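# Coordinates in review
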Amino acid sequence: MNINGQTSVIDLLSDRLQRSNDDKLKQLASAKRINSAADDAAGLQIANRLSAQNSGTRQTEQNLYDGLSMANLADQSLQGVTDGLNEIGRLATQAGSGILSADDKAALQKQVDAISAGIKDQIANTEFAGTKLFASNGSIALGGEKSQFSLPTTDLAKQLEDGGVFAIDLQSADGVANALDVVKSSSQQIDNQRTEIGATSNAMTASARNLANQNVNEQAAISRIADLDYAKASTERVQGQIREQASIAVAAQGRIQSEQALQLLS
């Protein structure tokens, strides 16, 4: 009876070692220390909370970089408008020359009209992912819960129209003088808008860098909790296999001895 009880204990130990080795094999296959709540219930909850937090961090970072692309597009478009205004100013200065004939000034007016039409087209076609950037006064929300910014927008075509850009007339002395004032005033307004966009872009860049660092730290924390120490687990797996084989050998030896004892008793 004692021999049978000893054999039963050895079999139980062998089963336990086999289950432990199977768990270790599962960890090695997944490269995860925690594959279910049974592995580490508290660690699983912490890792899940960190993963949810990290998802928000990474998405906000991506949103900010998308916002930076939008801001860069807006700034480049405004630079194009500024270039057009500068060219209109140059033509207005040229029209102020007394040596030009009426036909010469009419030719300059055609150039101004063409530039004005180009400015209108550029404003109308400046969009990012389907969102027109200069169609209304207001702002566009960028970033996310962790880092919120807004990109200022204006109804730029109306702003320039109200400023007289699209009504410039270079065929009269008063029109030439007025054109220079209009160009100066409108250029200043656009420069102010670009300054605001630039400040927002710089702030978003700094925030995106901070979120990138936060992302690294969160990923490291998740890894420390949930990921497997592969070298340690491999060593434990080998040790477990040796113990399992040893227990099997001992169990087999115990059965042989039990059978021999029964033969002697019979």
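Each value, and the rule that gives it
Residues numbered from 1 in each chain as written. Predicted model: local features only at pLDDT ≥ 70, side-chain atom pairs only at ≥ 80, totals over all residues. Heavy atoms only, no water. UniProt positions renumbered as here; feature names shortened; annotations may be inferred. Helix = DSSP H or I, 4+ residues; strand = E, 2+ residues; numbered from the N terminus. Contact = heavy atoms within 4.5 Å. Areas by Shrake-Rupley, 256 points an atom, 1.4 Å probe, with all protein chains shown as cover. Axes fitted to C-alpha atoms, helices over the stretch in contact; angles between N-to-C directions. Parallel < 35°, antiparallel > 145°, perpendicular 65-115°, else oblique. Nonpolar A, V, L, I, M, F, W, Y, C, P; charged D, E, K, R; others polar. Pairing = 2+ DSSP bridges. Buried < 20%, exposed > 50% of the residue type's maximum accessible area, 1.4 Å probe, protein only. Lys, Arg positive; Asp, Glu negative; His and termini not counted. Salt bridge = Lys/Arg side-chain N within 4 Å of Asp/Glu carboxyl O. Phe/Tyr/Trp six-rings, centres within 6.5 Å; stacked < 30°, edge-to-face > 60°. Lys NZ or Arg CZ within 6 Å of the ring centre and 35° of its normal.

Looking at an unreviewed UniProt entry, one finds the protein chain named Flagellin and attributed to Rheinheimera tilapiae. Quoted verbatim from the Sequence similarities (unreviewed entry) field of UniProt, the annotation for the protein chain is "Belongs to the bacterial flagellin family." Annotation of the protein chain in UniProt includes, under Function (unreviewed entry), the sentence "Flagellin is the subunit protein which polymerizes to form the filaments of bacterial flagella."

This part takes up the overall build of the protein chain. Scanning the protein chain from terminus to terminus reveals six helices and four strands. Scanning the protein chain from its N terminus toward the C terminus, one meets helices and strands in the order α-α-α-β-β-β-β-α-α-α. The contacts in the protein chain between residues at least 6 apart in sequence include a share of 74% that link residues at least 24 apart. Only carbon and sulfur atoms are counted for the fraction: they give 51% of the accessible area of the protein chain, which is about 15400 Å².

Attention now goes to the packing of helix 2 (residues 41-95) against helix 3 (residues 102-125). Packing of helix 2 against helix 3 brings their axes to within 10 Å, and their N-to-C directions diverge by 170°. As judged from the angle between their axes, helix 2 and helix 3 are roughly antiparallel. Packed against helix 2, whose contacting residues are Gln76, Ser77, Gly80, Val81, Gly84, Leu85, Glu87, Ile88, Leu91, Gln94 and Ala95, the element helix 3 presents Lys105, Leu108, Gln111, Val112, Ile115, Ser116, Ile119, Gln122 and Ile123 at the interface. Classifying every residue of the contact of helix 2 with helix 3 by side-chain character gives ten nonpolar, eight polar and two charged.

In this section: the pairing of strand 4 (residues 147-153). The two faces of a sheet get side chains in turn, since along a regular strand they alternate between them. Sheet topology places strand 3 (residues 138-144) next to strand 4; seven bridges connect them, and they run antiparallel. Looking at strand 4, one finds that Leu142 is bridged to Phe149.

Take the environment of Ser172 next. Relative to the assigned elements, Ser172 resides in the loop between helix 4 (156-162) and helix 5 (173-226). In the structure, Ser172 is positioned 76 residues away from Gly96 in sequence and 9.0 Å away in space, judged by C-alpha atoms.

This brings us to the side chain of Glu61. Secondary-structure assignment places Glu61 in helix 2. Put simply, Glu61 is tucked away with no salt bridge, and the nearest opposite charge, on Arg58, sits 7.4 Å away. Leave out the neighbours within four places in its chain, and Glu61 touches Ala208, Leu211, Ala212 and Asn215.

What follows concerns the pattern of salt bridges. Evaluation of the coordinates by the stated rule reveals four salt bridges. As a salt-bridge pair, Asp75 and Arg194 come within 2.8 Å of each other at their nearest N and O atoms. In this pair, Asp75 sits in helix 2 while Arg194 sits in helix 5, placing the two residues 119 residues apart along the sequence. Between Lys132 and Glu127 there is a salt bridge, with the nearest N and O atoms lying 3.1 Å from each other.

Evaluated as defined, the whole model comprises zero aromatic pairs. Here Lys120 stacks its cationic end above the ring of Phe166, 4.6 Å away from the centre of that ring.

Looking at where Ser186 falls in the secondary structure, it is placed in helix 5. Residue contacts for Ser186: discarding those within four places in its chain leaves Leu85, Leu160 and Val165.

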